[in-house]
Amino acid sequence: MALRNIRYEGDEILRKKSREIAQVDERTRILMDDMVETMYANEGIGLAAPQVGILRRVIVIDLGDGKVYKMVNPKITQKSGEETAPEGCLSVPETRGTVPRPMNITVEYLNENNEKVELEAEGLLARCICHEIDHLDGILFVDRVVEDVEEG
Ligand code: CO
């Protein structure tokens, strides 16, 4: 595995739309492993491929509960409820803000074995998935902030 360089707000790649992956192959698995390693090294709980300069629809998440999610072409198929809570982002250092997100979602994606998975998520996991999918569409959490929490 290898660390990849994080891209920061102001880098135009973070504003571009990522493309789907037709088939999850070894190259995709290496990307996901590198993203997980990079996420851990930077003490993040989620990372999207554009944040390491790759415009592909790939995200990884680890909330620290022992589960590592690696999602290819994630798509939210259902959502309900709303909760407003603080967020941060490795690409927008030292900035936090409160963002409204759905409380419950259903997400479909391909896993590392190219198998279709349907997952129901709530609370922080749902929030994190929505945040990372936003990255795939060139959206940063600061675009959705309703109230700044703190700076620095
Ligand atoms: Co982010």
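Residues numbered from 1 in each chain as written. Predicted model: local features only at pLDDT ≥ 70, side-chain atom pairs only at ≥ 80, totals over all residues. Heavy atoms only, no water.

(A) Spotlight on the sheet that holds strand E2 (residues 58-61). Reading across the sheet, the five strands line up as E1-E2-E3-E6-E7 and stay open at both edges, with antiparallel pairing between neighbours. Two strands in the sheet have a free side with no partner beyond their single neighbour: strand E1 (46-48) and strand E7 (116-122). In this sheet, adjacent strand axes meet at a mean angle of 40° when their direction is disregarded. Direction of pairing for strand E3 (residues 69-80) relative to strand E6 (residues 104-110): antiparallel, over a ladder of six bridges. Paired with Ile76 across the bridge in E6 is Val107. (Pairing = 2+ DSSP bridges. Helix = DSSP H or I, 4+ residues; strand = E, 2+ residues; numbered from the N terminus. Axes fitted to C-alpha atoms, helices over the stretch in contact; angles between N-to-C directions.)

(B) Region of the structure containing the coordination of the cobalt ion. In this structure, Cys89 (SG), His131 (NE2) and His135 (NE2) serve as the protein donors to the cobalt ion, at separations of 2.1 to 2.3 Å. Motif for the cobalt ion, donor spacing along one chain: C-x41-H-x3-H. Taken as a pair, Cys89 in strand E4 (residues 83-89) and His135 in helix H2 (residues 123-136) lie far apart in primary sequence, 46 residues in all. This pair shows no difference in class: Cys89 is buried, exactly as His135 is. (Donors = N, O, S within 2.8 Å, 3.2 Å for Na, K, Ca; no water. Buried < 20%, exposed > 50% of the residue type's maximum accessible area, 1.4 Å probe, protein only.)

(C) Structural view of the nonpolar core. One finds Met71, Val107, Leu119 and Ile129 to be the most contacted residues of the largest nonpolar core, which totals 17 residues. Put simply, the parts of the chain that give this core at least two residues each are E2, E3, E6, E7 and H2. Val107 has contacts with Met71, Pro74, Lys75, Ile76, Val117, Glu118, Leu119, Ile129 and Ile133, leaving out every residue within four places of it along the chain. If you look at the next biggest cluster of nonpolar residues, it comprises 15 residues, including Ile6, Ala49, Val52 and Val60. (Core = buried A, V, L, I, M, F, W, Y, C linked by side-chain atoms within 4.5 Å. Contact = heavy atoms within 4.5 Å.)

(D) Representation of the pattern of salt bridges within the structure. Per the stated rule, a full pass over the model turns up 14 salt bridges. Put simply, Lys70 and Asp33 hold a salt bridge, and the shortest N to O gap is 2.9 Å. Residue Lys70 is found in strand E3, and its partner Asp33 is found in helix H1 (residues 26-41); the two are separated by 37 residues along the sequence. Its relative accessible area of 17% is what places Lys70 among the buried residues. Relative accessible area serves as the criterion here: at 27%, Asp33 is assigned to the partly exposed category. In this structure, Glu87 and Arg127 form a salt bridge, with 2.8 Å as the shortest nitrogen-oxygen distance. A residue pair is termed long-range when its members are at least 10 positions apart, and Glu87 in strand E4 and Arg127 in helix H2 qualify at 40 residues. Exposure remark for Glu87: the relative accessible area of 4% places this residue in the buried category. (Salt bridge = Lys/Arg side-chain N within 4 Å of Asp/Glu carboxyl O.)

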